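A look at the structure
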Amino acid sequence: MTDTRYLVHGVSWHATDDDGGPVLRLQSPEGDFCKASLSPGERFGFQVVASGRFCLGHVQVQSAGSRRHVPCTSSAPATRGKQCERCFVLDEPRLMHDFHRGGRVTPGLRDYLMQEHWLYVATFAGGATKVGTASRTSKWTRLAEQGAAVARYVAKAQDGRVVRILEDLVTADLGLTQQVRPAAKAEALLLPLPAKAMDAVNARAAGDVRALLARAAVDGFETVEEEWARPAPADRLYGGSPRHAYPHALDQGRHGFEIAALSGANALARLDGTDAEFVVNLSQLAARTITLGSFSSEVPAVQESLF
């Protein structure tokens, strides 16, 4: 157990993290980063030690493969999502969303955006389907961190400007959203669709997108047919025994459980003293302050209500 207070940055699936396994990225008071493993079989215990959310700082993009995190100088409360007003304005990645509309970008961000990008169609546990983009360097991890159940790449674009033009075209013509709420992803995992049904939904949407792109008056891309490989630690969330919503809010208190599976930021957790399994939306911890330790989550008093 440790008294060190960590600021939670979120779940990471980068391939360099513990041989590709999921981790929770934590920032110490000194600004250094460490990781807590979220791989299946690991125990994760923590206590939320401060009320509210605090600014995660901002990012400077230095090149296509390099970026620098700058901690919030005042450790201010988060007022714009997971940032204070100052860090929100200074955050460079947010500028990329207007690049294809002529928005200004820094030299480092321009270098990032001028690399090859991919357009994908992702389907989540309940059938919700979205269109999205990923750079060459985040082609796999982007979908792993979003918690996709099934996904297909539908186009390869020469740069980030072209791929965002395609993304907006798909949304405008086919109505595919560009965002699925974290809460909706967690809720859908309580009763996921059968694997064949999810794959059919995704395949149909991907086919519609490719057909649209085939007649699009846009240069600088080619359509592709490639399936994304879902990470093995997520598989058990898409089948197996029934599961239930985690009964405790993550904005306070002590929590601890064994990780049985992880999809994106959603964990399938085993609590001490019960055979029931629970879906825990760990994205709710982002920008909160915790300590790590051998804590345990309280089992619901009336377990019969879960079944």
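In this report, the structure presented in the accompanying data block is examined. Since the structure is predicted, the reported quantities are computational estimates derived from the model, not experimental observations.

It is worth spelling out the nonpolar core at this point. By size, the foremost hydrophobic cluster in this structure holds 40 residues, and its most contacted members are Leu24, Phe44, Phe46, Phe257, Leu282, Leu285 and Ile290. Residues contacting Leu285, with those up to four places away along its chain left out, are Val8, Phe44, Phe46, Val48, Arg53, Leu250 and Ile290. Ala155, Val170, Ala205 and Ala206 belong to the second-largest nonpolar core, a separate cluster that totals 17 residues.

Time to look at the pattern of salt bridges. Under the defined criterion, the tally for this structure stands at 9 salt bridges. Residue Asp272 pairs with Arg43 through a salt bridge whose shortest N-O separation is 2.8 Å. Taken together, the residues span a long stretch of sequence, with Asp272 in the loop between β13 (266-270) and β14 (277-281) and Arg43 in strand β4 (residues 43-48) at a distance of 229 residues. Classification of Asp272 as partly exposed rests on a relative accessible area of 37%. With its nearest N and O atoms 3.5 Å apart, the salt bridge here joins Glu227 to Arg152. Of this pair, Glu227 sits in strand β10 (residues 221-227) while Arg152 sits in strand β9 (residues 150-157), and the two are 75 residues apart along the sequence. You can call Arg152 buried: its relative accessible area is 9%. Here the residues in one salt-bridge network are Arg236, Glu258, Arg270 and Glu277, joined through shared partners.

Turning our attention to the packing of aromatic side chains. How two aromatic rings sit relative to each other is set out by the distance from centre to centre and by the angle between their planes. Throughout the structure, instances matching the rule amount to 4 aromatic pairs. Centre to centre, the rings of Phe44 and Phe257 are 6.2 Å apart; their planes meet at 75°, and the pair counts as edge-to-face. Of the two residues, Phe44 sits in strand β4 while Phe257 sits in strand β12 (residues 253-263), which places them 213 residues apart along the sequence. Put simply, the rings of Phe44, Phe46, Tyr246 and Phe257 pair up and form one aromatic cluster. The ring of Phe33 carries Arg25 above its face, with NZ or CZ at 4.4 Å from the centroid. Above the ring of Phe88, the side-chain terminus of Arg94 is found at 4.9 Å from the ring centroid.

The subject of this paragraph is the pairing of β9. Across the 8 residues of β9, 7 count as buried, placing the element largely inside the fold. Bridge count between β9 and β10: 5 bridges; the pairing is antiparallel. Paired with Lys156 across the bridge in β10 is Glu222.

This part takes up the side chain of Arg288. Along the chain, the position of Arg288 falls in the loop between β14 and β15 (289-292). Although Arg288 lies buried, it forms no salt bridge, and the closest oppositely charged side chain, Asp251, sits 5.0 Å away as judged by the N-O distance. A distance of 3.1 Å separates a polar side-chain atom of Arg288 from the backbone oxygen of Gln284. In this structure, Arg288 is in contact with Tyr6, Leu7, Val8, Gly52, Arg53, Leu250 and Asp251, ignoring residues within four places of it in sequence.

The next subject is the layout of surface pockets. The calculated volume of the second largest pocket comes to roughly 280 Å³. Residue lining of the second largest pocket: 15 residues in total, with Leu7, Gln27, Ser28, Pro29 and Ser75 positioned closest to the centre. In terms of residue class, the lining of the second largest pocket is built from 8 nonpolar, 5 polar and 2 charged.

Taking 1.5 Å of rise per residue, the 20 residues of helix α6 (residues 195-214) would be expected to cover 28 Å, and the 28 Å separating its terminal C-alpha atoms lies within 8% of that figure. Within α6 the residues assigned to the buried category are Met198, Asn202, Ala205, Ala206, Val209, Arg210, Leu212 and Leu213. When α6 is viewed along its axis, its buried side chains cluster within an angular range of 160° and face the same direction. In α6, the exposed positions that point more than 90 degrees away from the buried face belong to Lys196, Arg204 and Ala214. Elements in contact with the buried residues of α6: β7 (117-123), β8 (129-135), β9, α4 (160-174) and β10.

Turning our attention to the side chain of Thr129. Along the chain, the position of Thr129 falls in strand β8. A polar contact of 3.0 Å, which involves the side chain of Thr129, links it to the side chain of Thr123. Among the polar contacts listed, one links the side chain of Thr129 to the backbone oxygen of Gly127, at a separation of 3.0 Å.

Here the focus is the environment of Asp275. Position of Asp275 among the secondary structure elements: in the loop between β13 and β14. Along the backbone, Asp275 and Leu174 are 101 residues apart, and their C-alpha atoms lie at a distance of 43 Å.

About the cut-offs
Throughout this description, residue numbers start from 1 for each chain and increase along the sequence as written. Reporting in this predicted model follows two pLDDT cut-offs: at least 70 for local features of residues, and 80 or more for side-chain atom pairs to be given and counted; totals over whole chains, interfaces and linings ignore these cut-offs and use all residues. Side-chain calculation: all heavy atoms of the structure are included, whereas hydrogens and water are not. Take the buried Ala, Val, Leu, Ile, Met, Phe, Trp, Tyr and Cys residues and link them wherever side-chain atoms come within 4.5 Å; each set so joined is a nonpolar core. Any residue under 20% of the maximum accessible area for its type is buried, any over 50% is exposed, and the rest in between are partly exposed; the area is computed with a 1.4 Å probe on protein chains only. The criterion used for residue contact is that any of the two residues' heavy atoms lie within 4.5 Å. When a carboxyl oxygen of Asp or Glu lies within 4 Å of a side-chain nitrogen of Lys or Arg, that pair is called a salt bridge. Under the DSSP-based scheme used, a helix requires at least four consecutive residues in state H or I and a strand at least two consecutive residues in state E, with every element numbered from the N terminus. In summary, the pairing rule links any two rings of Phe, Tyr or Trp, Trp by its six-membered ring, whose centres are within 6.5 Å, and it sorts them by plane angle into stacked for under 30 degrees, edge-to-face for over 60 and tilted for everything else. Sitting over a ring, as applied to charges here, requires NZ of Lys or CZ of Arg to be within 6 Å of the ring centre and within 35 degrees of the ring normal. Pairing between strands is defined by DSSP: at least two bridges between them are needed. His is not counted, nor are the chain ends, whereas Lys and Arg count as positive and Asp and Glu as negative. What qualifies as a polar contact is a pair of N or O atoms within 3.5 Å, subject to a donor-acceptor requirement within protein and to the restriction that residues adjacent in sequence count only when both atoms come from side chains. Definitions used throughout: a 1 Å grid over protein atoms alone; a cavity as a set of points that fits a 1.4 Å probe which cannot get out; a pocket as an open set with protein on both sides within 12 Å along at least five of seven lines; a lining residue as one with an atom within 4 Å of a point. Grid points are joined across faces, edges and corners, and a volume is the space filled by probe spheres set on the points. Following the grouping adopted for this structure description, the nonpolar residues are Ala, Val, Leu, Ile, Met, Phe, Trp, Tyr, Cys and Pro, the charged ones are Asp, Glu, Lys and Arg, and the polar ones are all others, Gly among them. One fewer than the residue count of a helix, multiplied by 1.5 Å, yields its expected span. In this context, the arc is that of the directions from the helix axis out to the C-beta atoms.

In short, shape yes, function no, at least from these values alone.
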